Amino acid sequence: MEQLSQDDLAATGKVIAVHINYPSRAAQRGRTPEQPSYFLKPSSSLSLSGAAVERPAGCELLAFEGEVALVIGARARRVSPDEAWSHVRFVTASNDLGVYDLRYADKGSNLRSKGGDGFTPVGPGLIPAGDVDPAGLRIRTWLNGELVQEDTTGTLLFPFARLVADLSQLLTLEPGDIILTGTPAGASVAQPGDVMEVEVDAPDNGVTTGRLTTTAAQGTVPLAPYGAQPRSDDTQRAEAYGTPTEAAAARVGSASVLTPELKAKLESVATATLSSQLRKRGLNNVSIDGLHSTRPERTVVGLARTLRYVPNREDLFKSHGGGFNAQKRAIDSLREGEILVMEARGEKGTGTVGDILALRAQVNGAVAVITDGGVRDVTAVGALDMPTFFANAHPAVLGRRHIPWDVDLTISCGGATVQPGDIIVGDADGILVIPPALAEEVADDALGQEAEETFIAEMVAAGHSVDGLYPMNAQWREKYRAWAAERGRTRP
């Protein structure tokens, strides 16, 4: 197979990139375009496999996007979709790199954020376009050896021929021009030292580009004050890491609420006590019901991440069920202190998580996994240190009844509504969903309630009647205050 060379890069004219072209990426971004849209990258951004790419000094969000690249072989001007593919000479792999810290600077042109030297690695092998079905290609991306992106060109919003024909309406495509055709879900952020690999292949006939390898490096020369300076915020971080903006904002806000002190309070009280405090505030529908825990002795407290399954439909499972689907994206993006809550519609006839993905959640620092559906490999899942709450064990894979559809949105689980960023507390009695804004006062009042109940239990154990004691009348309450003061207990 022919290999891409430095001479090929030198002969490249235009590099044109498509914004959104995979349904998985559209779902992640929360918008599906009616027509393709594009931006230009300078040819000076091209590099070969094995090169390093520099994250500019002061920037934190160097994002990678594995893509299929088309190399034009014959001049195309106003060609039809039917004839457009004949103008493509080669297919290869590409990595559409960019720094989200500079996206704001060019009003959508992406010149500085995506046009830097080395920001468009391509190669290494060139697959002759005539040897493959353009709808039968597979794109995969690895970060430090771990598969993070996988999709097929059969799912594209805008097939390759349509892109070539559309572009040729207004500009002439010349031999050597390169079209980057969009990235699937799973694109994320690389840190200095990380190794990114992208491969395009045709599984049906075994041809492959080989892996395009790029290593991230840290830049040391600061950007001068006479140009735009790096600027990042929660919105840009959410976009770069591939998390919906609204959900990311909720998680960031909730993380600031769930301090170590508040977490310790919530861990120290029973869900039964928290439930009564929530009920006093008019919240009667905040329990996730009907589930069992693999670690019933453990109390879990964390921030909710959410995943929704929809009923299986074979044509939709083909486009959304395979590769780096919503289930894998949700689990792979879990971070320390988070709990994944899955909506499975109470469907018990199949598994929604198994041992490998549960292990991945634990390795990422997740506090727990919660599903109102089934669990596969229940013995192995139960052996993990991380608790999993589930409805039942079942050996079938999720494709029997479910399609993993979307992440980090409002869901229903076990009869309760759960939003990203809600505080989840679970123990042997059950699981509660606590609105972050109420968590501090609920925890404090629960501590007070448990102090009272400890006093009452001591009095009952000493032989006192519950009449007037439970609940306490004025006489008993005075005795409780003295007891609490003596022991330094919290009072309501």
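Description of the structure in this document. Predicted model, so just to flag it, every value in this text is computed and none were measured.

1. Things to note about the overall build of the chain
A tally of regular secondary structure across the chain gives 15 helices and 30 strands. Considered along the principal axes of its C-alpha atoms, the chain spans approximately 95 × 55 × 35 Å. Looking at the chain as a whole, 53% of its 492 residues are labelled buried. Considering only contacts in the chain between residues 6 or more positions apart, those separated by 24 or more positions represent 78%. Accessible area for the chain stands at about 20900 Å²; split by element, carbon and sulfur atoms hold 51% of it. Counting 47 positive and 62 negative side-chain charges, the chain places the averaged centre of each group 3 Å from the other.

2. Points about the pairing of strand β12 (residues 146–152)
Remark: a regular strand shows side chains that alternate across the two faces of the sheet. Pairing geometry for strand β11 (residues 138–143) and β12, over six bridges, is antiparallel. Pairing of Ile139 across the sheet is with Asp151, part of β12. Counted along the chain from β11 to the antiparallel partner β12, the turn is two residues long, and its residue Asn144 has a positive phi close to 55°.

3. Some remarks on the sheet that holds strand β1 (residues 15–18)
By definition, the strands of a sheet pair up through backbone hydrogen bonds, in either a parallel or an antiparallel sense. Taken together, six strands build an open sheet; the order of strands is β2-β1-β13-β6-β7-β10 and the sheet is mixed. Across the chains shown, the open sheet's two edge strands, defined by having one partner strand only, are β2 (38–41) and β10 (127–128).

4. Topic: the sheet that holds strand β8 (residues 98–99)
In space, the three strands of this open sheet follow the order β8-β5-β14, with antiparallel pairing throughout. The strands lining the two open edges of the sheet, one partner per strand, are β8 and β14 (188–190). Pairing geometry for strand β5 (residues 62–64) and β8, over two bridges, is antiparallel. Considered in β8, the bridge of Leu62 is made with Val99.

5. Some points on the packing of helix α14 (residues 439–461) against helix α15 (residues 474–487)
Relative orientation of the contacting elements α14 and α15 amounts to 105°, with a least axis distance of 10 Å. Here α14 lies roughly perpendicular to α15, going by the angle between them. Between α14 and α15, the contacting residues are Gly448, Ala451, Glu452, Thr454, Phe455, Glu458 and Met459 on the first element and Trp476, Arg477, Lys479, Tyr480, Trp483 and Arg487 on the second.

6. A closer look at a nonpolar patch on the surface
On the surface, Val460, Val466 and Tyr470 cluster together into a nonpolar patch covering about 290 Å² of accessible area. Within the secondary structure, Tyr470 is located in the loop between α14 and α15. What makes Tyr470 exposed here is its relative accessible area of 55%.

7. A word on the pattern of salt bridges
Close approach of charged atoms allows side chains with opposite charge to pair. Under the defined criterion, the tally for this structure stands at 30 salt bridges. Residue Glu60 is joined to Arg237 by a salt bridge in which the shortest nitrogen-to-oxygen separation is 3.0 Å. Taken as a pair, Glu60 in the loop between β4 (52–57) and β5 and Arg237 in helix α6 (residues 234–241) lie far apart in primary sequence, 177 residues in all. Exposure remark for Glu60: the relative accessible area of 29% places this residue in the partly exposed category. A residue is classified by how much of its surface remains accessible, and Arg237, at 29% relative accessible area, is partly exposed. The closest approach of N and O atoms between Lys114 and Asp96, which form a salt bridge, is 2.9 Å.

8. Structural notes on the nonpolar core
Most often, soluble globular proteins keep nonpolar side chains buried together rather than apart. Val68 and Leu70 are the most contacted members of the largest nonpolar core, which totals 32 residues. Elements supplying a minimum of two residues to this core: β1, β6 (66–72), β7 (88–95), α5 (160–168) and β15 (195–202). When residues in this core are grouped by element, the largest group, six residues, is from α5. For Leu70, the contacting residues outside a window of four places in its chain are Trp85, Val88, Phe90, Val91, Phe160, Val164, Asp177, Ile178, Ile179 and Thr181. Residues Leu307, Leu340, Leu357 and Ala366 belong to the second largest nonpolar core, which totals 22 residues.

9. Some words on the packing of aromatic side chains
Taken as a whole and judged by the stated rule, the model has five aromatic pairs. Here the aromatic cluster, defined as three or more aromatic residues joined through ring pairs, consists of Phe455, Trp476, Tyr480 and Trp483. A cation over an aromatic ring shows up here: Lys479 above the ring of Trp476, its NZ or CZ 4.5 Å from the ring centre.

10. Quick look at the side chain of Arg305
Position of Arg305 relative to the elements: it lies in strand β20 (residues 300–311). For Arg305, a relative accessible area of 2% puts it in the buried group. Of note is the side chain of Arg305, whose polar atom sits 2.8 Å from the side chain of Ser333. A polar side-chain atom of Arg305 sits 2.7 Å from a polar atom in the side chain of Asp408.

11. Thoughts on the pairing of strand β30 (residues 430–434)
Counting buried positions along β30 yields five of five residues, so the element is predominantly enclosed. Neither face of β30 is exposed, since Gly430, Leu432 and Ile434 on one face and Ile431 and Val433 on the opposite face are all buried. Note: strand β18 (residues 287–288) against β30, two bridges, orientation antiparallel. Along β30, the bridge assignment pairs Ile288 with Ile431. Of the strand pairs in this sheet, strand β29 (residues 423–427) and β30 are connected by five bridges, and their pairing is antiparallel. Within β30, the position partnered with Gly426 by the bridge is Ile431. Between the antiparallel neighbours β29 and β30 lie two residues.

12. Things to note about the packing of helix α9 (residues 271–280) against α14
Running from N to C, α9 and α14 point in directions that differ by 120°, and their axes come no closer than 9 Å. Comparing the axis directions of α9 and α14 gives the class oblique. As α9 packs across α14, the resulting crossing turns out to be right-handed. Across from Thr273, Leu274, Ser276, Gln277, Leu278 and Lys280 in α9, the residues of α14 making contact are Val442, Asp445, Ala446, Gln449, Glu450 and Glu453. Classifying every residue of the contact of α9 with α14 by side-chain character gives four nonpolar, four polar and four charged.

Rules of the game
Residues numbered from 1 in each chain as written. Predicted model: local features only at pLDDT ≥ 70, side-chain atom pairs only at ≥ 80, totals over all residues. Heavy atoms only, no water. Helix = DSSP H or I, 4+ residues; strand = E, 2+ residues; numbered from the N terminus. Buried < 20%, exposed > 50% of the residue type's maximum accessible area, 1.4 Å probe, protein only. Contact = heavy atoms within 4.5 Å. Areas by Shrake-Rupley, 256 points an atom, 1.4 Å probe, with all protein chains shown as cover. Lys, Arg positive; Asp, Glu negative; His and termini not counted. Charge placed at Lys NZ, Arg CZ, Asp CG, Glu CD. Pairing = 2+ DSSP bridges. Axes fitted to C-alpha atoms, helices over the stretch in contact; angles between N-to-C directions. Parallel < 35°, antiparallel > 145°, perpendicular 65-115°, else oblique. Patch = residues over 30% accessible without salt bridge, like charges linked within 9 Å, V, L, I, M, F, W, Y side chains within 5 Å. Salt bridge = Lys/Arg side-chain N within 4 Å of Asp/Glu carboxyl O. Core = buried A, V, L, I, M, F, W, Y, C linked by side-chain atoms within 4.5 Å. Phe/Tyr/Trp six-rings, centres within 6.5 Å; stacked < 30°, edge-to-face > 60°. Lys NZ or Arg CZ within 6 Å of the ring centre and 35° of its normal. Polar contact = N/O pair within 3.5 Å; in protein donor to acceptor, adjacent residues only side chain to side chain. Left-handed = near helix turned anticlockwise from the far one by under 90°. Nonpolar A, V, L, I, M, F, W, Y, C, P; charged D, E, K, R; others polar.

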